[in-house]
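Structure at a glance
Chain residues, written in single-letter form:
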Amino acid sequence: RRKRPSTAKHGWFDPAQYRGLSVDMSLAAQVDDQIKEAMKAKDADRLGVLRMLKTAIKYAVIEKYGADGAAKDEDVITAVRKEIKKRHDSIEAFTKGGRADQAAKEQAEVKILESYLPQAMAEAELETLVKAVIAELKATDKKAMGAVMKACQAKAAGRADNRALSALVGKLLP
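For the structure given in this document, a descriptive report is provided here. (Residues numbered from 1 in each chain as written. Predicted model: local features only at pLDDT ≥ 70, side-chain atom pairs only at ≥ 80, totals over all residues. Heavy atoms only, no water.)

Here the focus is the nonpolar core. Membership of the largest hydrophobic core comes to 22 residues, with the highest contact counts inside it found for L53, I57 and V80. Of all the secondary structure elements, the ones that give two or more residues to this core are helix 1 (27–41), helix 2 (44–65), helix 3 (73–96) and helix 4 (100–114). When near neighbours in sequence (up to four residues on either side) are disregarded, L53 contacts V31, A79, V80, L113 and Y116. The next biggest cluster of nonpolar side chains, apart from the first, holds 16 residues, and it includes L126, A156, A160 and L165. (Core = buried A, V, L, I, M, F, W, Y, C linked by side-chain atoms within 4.5 Å. Buried < 20%, exposed > 50% of the residue type's maximum accessible area, 1.4 Å probe, protein only. Helix = DSSP H or I, 4+ residues; strand = E, 2+ residues; numbered from the N terminus. Contact = heavy atoms within 4.5 Å.)

What follows is about helix 3. Between its terminal C-alpha atoms helix 3 stretches 35 Å, which fits the 34 Å expected from 24 residues at 1.5 Å a residue. Among the residues making up helix 3, those that are buried are D75, V76, I77, A79, V80, E83, I84, R87 and I91. Where helix 3 ends, the next residue or the one after it, G98, has phi of about 75°, a positive value. (Expected span 1.5 Å × (residues − 1).)

Two elements in contact, helix 5 (residues 123–137) and helix 7 (residues 162–172), have axes whose closest approach is 10 Å; the angle formed by their N-to-C orientations is 55°. For the element pair helix 5 / helix 7, the angle class is oblique. Regarding helix 5 and helix 7, the two cross each other, and that crossing is right-handed. Counted together, E123, L126, E127, V130, K131 and I134 of helix 5 and L165, L168, V169 and L172 of helix 7 form the full contact between these two elements. (Axes fitted to C-alpha atoms, helices over the stretch in contact; angles between N-to-C directions. Parallel < 35°, antiparallel > 145°, perpendicular 65-115°, else oblique. Left-handed = near helix turned anticlockwise from the far one by under 90°.)

Now for unusual backbone geometry. Not every positive phi belongs to a glycine, and K42 is a case in point at roughly 55°. If you trace the backbone, K42 turns up in the loop between helix 1 and helix 2. Using a relative accessible area of 73% as the deciding quantity, one classes K42 as exposed. Backbone geometry places K138, a non-glycine residue, at a positive phi of 55°. You can see K138 is positioned in the loop between helix 5 and helix 6 (145–156). Judged by its relative accessible area of 68%, K138 falls in the exposed class.

Looking at the secondary structure, you find D33 in helix 1. By relative accessible area, which is 26% here, D33 ends up partly exposed. Distance in space between the C-alpha atoms of D33 and L50 is 10.0 Å, their sequence separation being 17 residues.

Now the structure itself:
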């Protein structure tokens, strides 16, 4: 039998490679794992957010694949984005209503949810992508915005915020 490689005091597990989420686990499995960790740590705020996320993922999977479906990473990312959008809307409403405490709570939930999103594209990288898509589609006016947005979303593969992408496409289209 081969012996697992040893690292310092952690045995075969190297914490330098572990940023809270495993690379070889699906995102749905990572959410389940994080729920267990939050339970062990008695972190009620994180646990509540993760349970809500798990429920949202289940609803999305049932809606898309039926009761026997399994969550794919893109389904999880879509559910996370939808939940973040809800939180941003709530933050805006709480801020207008003078409820800074609730807005801060929602902001903390957004931070937890953002840890499940892929690394966002830099502004310059996003602008380069949009310009390339506009040139590729030969878009000349705002009427082509829908086609440009669709192509940009496909090429960004979940790494770009749709609001920022829409604003950038609107700015770059003549």
